[in-house]
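Reading the structure
Now for the letters of each chain:
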Amino acid sequence: MPGAENAATVEFLDNIADMLEIKGENTFRVRAYRDAARQIENLTEDIQDILRRGELRSIPGIGEGIAEKLTEFLTTGHSEYYENLKKQVNPGVAELLTVPGIGPKKARLFFDALGIDSVEKLQEAARAHRLSSLPRIGEKTEANILASIERMRGRGGRTPLAPAYRAAEKFLLQLREFPEVEKADLAGSLRRMRETIGDLDLIAASNQPEAVVDRFVHLPSAISILAQGPTKGSIITSGNLQVDLRVVKPEEYGAGLQYFTGSKPHNIRIRTIAEGKGLKVNEYGIFKADGERIAGETEESMYRALGLLWMPPELREDRGEIEAAREGALPRLVEPSHIKGDLHVHTDWSDGANSPEEMIEAARSRGYQYIAISDHSVSMGFIHGLTQERIQEQRALIQTLQKKYPQIKILHGIEVNIRGDGSLDYDDQTLAGFDVVTASVHSGLGMNKQKMTERIIRAIRNPYVNIFGHPTGRIIGKREPYEVDLEAVIRTATETGVALEINSQTDRLDLKDTDARLARDMGAGLCINSDAHAADQLDLMFFGVETARRGWVTPGDVLNALPLNLLLSRLAKPGQVRRVA
DNA sequence: GCCGTTTTCGGCCCGACTGTTTTCAGTCG
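Reading the values: the criteria
- Residues numbered from 1 in each chain as written.
- Chains lettered and ligands numbered in written order.
- Predicted model: local features only at pLDDT ≥ 70, side-chain atom pairs only at ≥ 80, totals over all residues.
- Heavy atoms only, no water.
- Helix = DSSP H or I, 4+ residues; strand = E, 2+ residues; numbered from the N terminus.
- Rg over C-alpha atoms; globule rule 2.2 N^0.38 Å.
- Buried < 20%, exposed > 50% of the residue type's maximum accessible area, 1.4 Å probe, protein only.
- Expected span 1.5 Å × (residues − 1).
- Arc of directions from axis to C-beta.
- Contact = heavy atoms within 4.5 Å.
- Core = buried A, V, L, I, M, F, W, Y, C linked by side-chain atoms within 4.5 Å.
- Near = heavy atom within 4 Å.
- Polar contact = N/O pair within 3.5 Å; in protein donor to acceptor, adjacent residues only side chain to side chain.
- Nonpolar A, V, L, I, M, F, W, Y, C, P; charged D, E, K, R; others polar.
- Lys, Arg positive; Asp, Glu negative; His and termini not counted.
- Salt bridge = Lys/Arg side-chain N within 4 Å of Asp/Glu carboxyl O.
- Pairing = 2+ DSSP bridges.
- Axes fitted to C-alpha atoms, helices over the stretch in contact; angles between N-to-C directions.
- Domains from an automatic or database assignment.
- Buried area = accessible area lost by both parts, 1.4 Å probe.

A few words now on the overall build of chain A. The secondary structure content of chain A amounts to 24 helices and 17 strands. By the compact-globule yardstick of 25 Å for 581 residues, chain A fits well, its C-alpha radius of gyration being 26 Å. Counting only C-alpha atoms and orienting by the principal axes, one finds that chain A spans roughly 75 × 60 × 50 Å. Sorting the 581 residues of chain A into buried and exposed places 53% on the buried side.

Right, dumping it as structure tokens:
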């Protein structure tokens, strides 16, 4: 499973790219390092394993030169080339590139002329108006740099998908109300539902683009305008989000939508395919060599003109979707409407905010066929994990509530804690009493890879475990996944019929998209759960489904896409007939 | 630095916007 080593390798390559850029190296050489970094970022396995097999060069974008540097770096933790580069380029100058609006040329200029080698010093110099004495730098540039640094500090990186999505939806509703706007949609990484979002990208169709941009940048939620042109506007919201709007003509809408949805690697592939057919693709359409326009009004027309099927935005990452579209082998992705119930929700019996009855009501109002009340187990004492006695009390309550709510099947679940040695918090007899058992790791996260893998495999070999919860333990932006051989875990889960959870909590989304893809490809079952700790959090399921879609997951892969009768047969206890995926 | 039904050299996506200067370089996506 890709761990810290992959991340360090990505950083290594990006650092080289930054330094080469500042040196003023050939831009294509710079791009080669960046492309290689992106490829490694998307790997589903450990780069060390690939190195061991001698297959670095089988990764697209890694040729002789980069493979050599990576081999040295990965074997010795050191790179002659990189050390040399650091002697030529002050690494602090590369830090300047993190400020939006500062590229290699300005970074170099500031260092050469004023000795600026940190964002801190850049800020000081801008405040003291020392930048505007430089050629081609005026007062506005200086003010923009200051504003940019402040925004950067205030935001601290990318926004999680859920809040970004909610903010963008509000903008969309407003845009669609503009009299000049015919259509408007999400674009960019937001439309592709990446787990974190940089800027919010929106697109609109209109015959009066300037008027639309003008209304947009003057919306009350815009606290400052970053850019305003005849077809494009960019603002900062009170929530410190950057929102970009692009306006195209209605007949160009599909082309614009396709172009601004990306991803970049996907679009580069699309352009290359077009080129091979003597066609040209841009945000206005697809054009023949003589300039005749042959597609652009809809996305479907764009892809069709290239001999491809339309593909859901979640797949557009150049991870095989183009080949699949060409062969008519695109997966039929899971949709929110396929989800028949939620098998992981908490109540105020442990650390949830609402009562079991309130959670059941919320599930019923969302049209679910079933819900599993699954609180924490006994070793989670500090959040009132259930004792033997309270298990029985809760079970009795569930039986009473089941009579009151015959429309929905109420399952008694548990999120049982996996102890350090891989044993579970309850004995088999206790576990047998639950309808559905989710086993999760909550402690001892710093364990080494081998021990953690053995621990988890022991836990999911327990015949009473149905689901392995938030399988990698990561918290987006806060905690790296624990060290574990995920492939070995997936193999075991596949053998034993344990479903791997895609946990929908905004900061988890665990399994993440590429891991879900790996699990699916290896034939494992998945289960998409909200892990709701309050009734309204049942709605987080949407983001879990989106993560699954990015992992090419189909409804047939998902345990809780099964109707109740089939679900119950899949959850059958040892000794009963239990169907494995 | 990578890559190849245009393969060992010569390309590598390309258009919008800003700021500064007055015709365009730099940055971004």
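Once that is clear, we can look at helix α14 (residues 264-276). The end-to-end C-alpha distance of α14, which contains 13 residues, comes to 18 Å, matching closely the 18 Å that a straight helix rising 1.5 Å per residue would cover. Turning to α14, its buried residues are His266, Asn267, Ile270, Ile273 and Ala274. The arc that holds every buried residue of α14, seen down its axis, measures 120°, which confines them to one face. Summarising the geometry of α14, the exposed residues directed more than 90 degrees from the buried face are Lys264, Glu275 and Gly276. Buried residues along α14 sit in contact with α13 (253-261), β8 (280-282), α15 (299-305) and α16 (321-327). Downstream of α14 by one or two residues, Gly278 has phi in the positive range, about 75°.

On to the nonpolar core. If you look at the biggest cluster of nonpolar residues, it comprises 63 residues, and the most contacted ones within it are Phe468, Leu500 and Ile528. Discounting residues that sit within four places of it in the chain, Ile528 has contacts with Val334, Ile339, Ile502, Ser504, Met541, Gly544, Val545, Ala548, Val558 and Asn560.

In the region of DNA strand B, 44 residues are neighbours, and Arg31, Gly101, Gly138, Gln228 and Tyr284 sit closest. Atoms of DNA strand B within 4 Å of the protein belong to the sugar or the phosphate in 78% of instances, the rest to bases. In the model, a phosphate oxygen of DNA strand B is placed 3.2 Å from a nitrogen or oxygen of the Lys105 main chain. Elements with a contribution of two residues or more to the surface near DNA strand B: α2 (27-41), α4 (64-76), α7 (104-114), α9 (139-155), β5 (222-228) and α14. No other element matches α2, which puts five residues into the surface near DNA strand B. A breakdown of the residues in the surface near DNA strand B according to their chemical character gives 16 nonpolar, 12 polar and 16 charged.

Before going further, it helps to examine helix α17 (residues 356-365). By the burial criterion, the buried members of α17 are Pro356, Met359, Ile360, Ala362 and Ala363. Within α17, the buried residues cover an arc of 160° as seen down the axis, which keeps them to one side. Taken together, the buried residues of α17 touch β11 (341-345), β12 (370-376), α18 (388-404) and β13 (409-417). With its phi angle positive at about 80°, Gly367 sits one or two positions after the end of α17.

On to the environment of Leu538, then. Relative to the elements of secondary structure, Leu538 occurs in the loop between β17 (526-529) and α23 (541-550). On a C-alpha basis, the gap between Leu538 and Asp342 in space is 7.9 Å, while along the polypeptide they are 196 residues apart. Sequence-distant contacts of Leu538, defined by excluding residues within four places in its chain, comprise Asp342, Val345, Met359, Ala362, Ala363, Arg366, Tyr368, Ser530 and Ala532.

So, on to the side chain of Asp531. Position of Asp531 relative to the elements: it lies in the loop between β17 and α23. Of the side chains with opposite charge, Arg508 lies nearest to the buried Asp531, which makes no salt bridge, at 4.3 Å. In contact with Asp531, other than residues within four places in its own chain, are Asp342, His344, His346, His470, Asn503, Gln505, Arg508 and Gln537.

All right, on to the sheet that holds β17 then. Across the sheet, which stays open at both edges, the seven strands sit in the order β11-β12-β13-β14-β15-β16-β17 with parallel pairing between neighbours. Each edge of the open sheet is held by one strand with a lone partner, namely β11 and β17. Bridge count between β13 and strand β14 (residues 436-440): five bridges; the pairing is parallel. Residue pairing in the sheet places Glu415 in a bridge with Thr438 of β14. The strands touched by α18 are β12 and β13; relative to β13, the strand with the most contacts, the crossing angle is about 160°.

Here the idea is simple: oppositely charged side chains can pair when their charged atoms come close. In this structure the tally under the stated criterion is 36 salt bridges. Here Arg38 ties to Asp14 by a salt bridge, and the two come within 2.7 Å at their closest N and O atoms. With a gap of 24 residues between them, Arg38 in helix α2 and Asp14 in helix α1 (residues 4-23) connect regions that are remote in the sequence. Judged by its relative accessible area of 31%, Arg38 falls in the partly exposed class. For Asp14, a relative accessible area of 17% gives the class buried. The salt bridge partner of Asp318 is Arg269, with a shortest N-O separation of 2.9 Å. One end of the pair, Asp318, is in the loop between α15 and α16; the other, Arg269, is in helix α14, and 49 residues separate them in sequence.

Once that is clear, we can look at the side chain of Arg191. Along the chain, Arg191 falls in helix α11 (residues 188-191). Reaching out from Arg191, the side chain makes a polar contact with the side chain of Glu299 at a distance of 3.0 Å. When residues no more than four places from it in sequence are discounted, the contact partners of Arg191 are Leu186, Leu257, Thr261, Glu299, Trp310, Pro313 and Arg316.

As a further point, take the domain arrangement of chain A. What the domain assignment reports for chain A is domain 1 (4-155), domain 2 (159-248), domain 3 (253-327) and domain 4 (336-570). If you average the C-alpha positions of domain 2 and of domain 4, the two centres end up 36 Å apart. Counting residues at the interface gives 11 residues for domain 2 and 10 residues for domain 4. Counting the surface domain 2 buries against domain 4, the share from its top three residues, Ala162, Met193 and Glu195, is 51%. Counting across the interface, domain 2 meets domain 4 through one salt bridge. In this structure, the salt-bridge partner of Arg474 is Glu195, at a minimum N-O distance of 2.8 Å. Linking domain 2 to domain 4 there are two residue pairs in polar contact (both at pLDDT 80 or more). The element best represented in the side of domain 2 that touches domain 4 is helix α10 (residues 161-177), accounting for five residues.

Before going further, it helps to spend a moment on the sheet that holds strand β6 (residues 232-237). Here five strands make up an open sheet; going across it, the order is β2-β4-β7-β6-β5 and the pairing mixed. The sheet terminates laterally at β2 (181-187) and β5, the two strands that pair on one side only. The average undirected angle you get between the axes of adjacent strands in this sheet is 25°. Bridge count for β2 against strand β4 (residues 200-206) is six bridges, and the pairing is antiparallel. Looking at β4, one finds that Ala184 is bridged to Ala204.

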